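# Topology and contacts: notes
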Amino acid sequence: QVQLVESGGGLVQAGGSLRLSCAASGRTFSIYATGWFRQAPGKERDFVASIRRDGATYYAASVKGRFAISRENAKNTVYLQMDNLKPEDTAVYYCAADQNYYSGSSNSSEFDYWGQGTQVTVST
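Below: a short report on this structure. What you see is a predicted model, and the numbers here were worked out from it, not measured in a lab.

This part covers the state of the cysteines. Inspection of every chain in the model, using the stated rule, returns 1 disulfide. At a sulfur-sulfur separation of 2.2 Å, the disulfide partner of Cys22 is Cys95. Across the disulfide from Cys22 to Cys95, rotation about the S-S bond amounts to roughly 70°, and the bridge is consequently right-handed. Taken as a pair, Cys22 in strand β3 (residues 18-26) and Cys95 in strand β9 (residues 91-98) lie far apart in primary sequence, 73 residues in all. For Cys22, a relative accessible area of 2% puts it in the buried group. Taking the relative accessible area as the measure of exposure, Cys95 reaches 0% and is therefore buried.

What follows covers the layout of surface pockets. Approximately 260 Å³ is the volume attributed to the largest pocket. If you trace the largest pocket, you find 18 residues lining it, with Thr28, Ile31, Thr34, Arg71 and Asn73 closest to the centre. Secondary structure elements with two or more residues in the lining of the largest pocket: β3, β4 (33-39), β5 (46-52) and β8 (77-82). Looking at the lining of the largest pocket, its residues break down into 10 nonpolar, 5 polar and 3 charged.

Take unusual backbone geometry next. For residues that are not glycine, phi is negative in most cases, and the peptide bond is trans in most cases. Positive phi, normally seen in glycine, also occurs at Asn76, with a value near 50°. Positionally, Asn76 belongs in the loop between β7 (67-72) and β8.

What follows covers the packing of aromatic side chains. A complete count under the given rule lists 7 aromatic pairs for this structure. With a centroid separation of 5.7 Å and 75° between ring planes, the pair formed by Phe37 and Phe47 is classed as edge-to-face. Within this pair, whereas Phe37 is found in strand β4, its partner Phe47 is found in strand β5, the two being separated by 10 residues in sequence. Here the two residues Phe37 and Phe47 agree in accessibility, since each one is buried. Seen from their ring centres, Tyr102 and Phe111 are 5.2 Å apart, and the 55° between their planes marks the pair as tilted. In this structure, Tyr102 and Phe111 share a single accessibility class: buried. Through a chain of ring-to-ring contacts, three or more aromatic side chains come together here, namely Phe37, Phe47, Tyr58, Tyr102, Phe111 and Trp114. When the ring centre of Tyr79 is taken as reference, the NZ or CZ atom of Arg19 above it lies at 4.2 Å. Seen from the ring of Trp114, Arg45 lies directly overhead, with NZ or CZ sitting 5.0 Å from the centre.

Calculation rules
Residues numbered from 1 in each chain as written. Predicted model: local features only at pLDDT ≥ 70, side-chain atom pairs only at ≥ 80, totals over all residues. Heavy atoms only, no water. Disulfide = S-S within 2.5 Å. Helix = DSSP H or I, 4+ residues; strand = E, 2+ residues; numbered from the N terminus. Buried < 20%, exposed > 50% of the residue type's maximum accessible area, 1.4 Å probe, protein only. 1 Å grid on protein atoms, 1.4 Å probe; cavity = no way out; pocket = protein on both sides within 12 Å on 5 of 7 lines; lining within 4 Å. Points joined across faces, edges and corners; volume = space filled by probe spheres on them. Nonpolar A, V, L, I, M, F, W, Y, C, P; charged D, E, K, R; others polar. Phe/Tyr/Trp six-rings, centres within 6.5 Å; stacked < 30°, edge-to-face > 60°. Lys NZ or Arg CZ within 6 Å of the ring centre and 35° of its normal.

The following block contains the structure:
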């Protein structure tokens, strides 16, 4: 089993930055890929970014060039660095872990474990 805890969300002005963290515990060695998703009120949960065990990264077009996903293996933690934030980035951000092969899918059903989310609010 894998447990995921997100942190780092908060309120930031447009153009500002935040770094989200996803700390994994349990059977972390079984994780093949880790992804970030976000969900705004009344909207579907959308793919943001993911990183595979071999280091391959994937991004939604809406965040490419502004967000960066990275991993610190010693801490079993995946980060999402968010720069040049926009009001439309406002959402609850979730991290998710995939324990099987991952080829860059944006489908949330590909992931096996989920955190509880952290709120990101971007003001004008």
